[in-house]
Amino acid sequence: MIKNRERQMGTKNRRKNWIINQDFQYKFITYTLLPVGITILIFWLSIEIFFYRMLMIGKKFKIPDNHGFYLLLRTQKSEFFSIAIILIIILIIAFFIWGVLLSHKIAGPFYKFKKYLDESQNTKECLQTPLAFRKGDFFLEIPEAFNNFIERNKKD
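Residues numbered from 1 in each chain as written. Predicted model: local features only at pLDDT ≥ 70, side-chain atom pairs only at ≥ 80, totals over all residues. Heavy atoms only, no water.

## As for the pattern of salt bridges
Going by this rule: A pair is scored as a salt bridge if a Lys or Arg side-chain nitrogen falls within 4 Å of a carboxyl oxygen belonging to Asp or Glu.
Taken as a whole and judged by the stated rule, the model has four salt bridges. Between Asp65 and Lys59 there is a salt bridge, with the nearest N and O atoms lying 2.9 Å from each other.

Here it is, written out as structure tokens:
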């Protein structure tokens, strides 16, 4: 039982489930994507304003409607937005993946700590199996502090 638990709680255990705390992780991903979305919207509007102003410059200089200037503007705007849509999709996917990975590195240690406490039937079991997180996780100081706490209480 203890060896099985050490394998489960040890740093070599690789979870395949990237969403382990749905409430936290989905909120984290949303907060990660929200500034990206706002930035994209601002960028998109600024480009729309740019092309509108170029159109108004053409009108101001009384360039005829069938002039190549307007064809150039339409072509450039169409090509720009085609490229922008592809880049926006790539950007959203990249930030989504980054949000999942980062939130996993935050939620993982708390998931593991809760699981460790839930599976420990008594203090004796905690004394035999030290708590450990994965190398790349955040809050690596928690297992050390907790294990030190257990060691101090072991003496009492």
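## Examining the packing of aromatic side chains
Where we set the bar: Here a pair means two rings of Phe, Tyr or Trp (six-membered ring of Trp) with centres within 6.5 Å. Their orientation is stacked below 30 degrees between planes, edge-to-face above 60, and tilted elsewhere. Here a helix means four or more residues in a row that DSSP labels H or I, a strand means two or more in a row labelled E, and each is numbered from the N terminus. Only protein chains enter the accessibility calculation, which uses a 1.4 Å probe; a residue whose area is less than 20% of its type maximum is buried, one above 50% is exposed, and one in between is partly exposed.
For the coordinates displayed, the defined rule picks out eleven aromatic pairs. On the basis of an interplanar angle of 90° and a centroid distance of 5.7 Å, the ring pair of Tyr116 and Phe146 is categorised as edge-to-face. You can see Tyr116 sitting in helix 3 (residues 68-119) and its partner Phe146 sitting in helix 5 (residues 141-154), a full 30 residues away along the chain. Comparing Tyr116 with Phe146 shows no difference in burial state: the two are buried. Through a chain of ring-to-ring contacts, the aromatic side chains of Phe43, Trp44, Phe80 and Phe81 assemble into a single cluster.

## Examining helix 2 (residues 22-60)
Filter applied, for reference: Given a helix with a known number of residues, its expected span is that number minus one, times 1.5 Å. Contacts are assigned to residue pairs that have any heavy atoms within 4.5 Å of one another.
Over its 39 residues, helix 2 extends 55 Å from the first C-alpha to the last, a length consistent with the 57 Å expected when each residue adds 1.5 Å. Turning to helix 2, its buried residues are Gln25, Phe28, Ile29, Thr32, Val36, Ile40, Ile47, Phe51 and Gly58. Elements that come into contact with the buried residues of helix 2 comprise helix 3. Remark: Lys62 follows helix 2 within two positions and exhibits a positive phi of approximately 55°.

## A word on the environment of Arg74
Its location among the elements puts Arg74 in helix 3. Classification of Arg74 as exposed rests on a relative accessible area of 53%. With 19 residues separating them along the chain, Arg74 and Leu55 place their C-alpha atoms 9.6 Å apart.

Just geometry here; none of it tells us what the structure is for.
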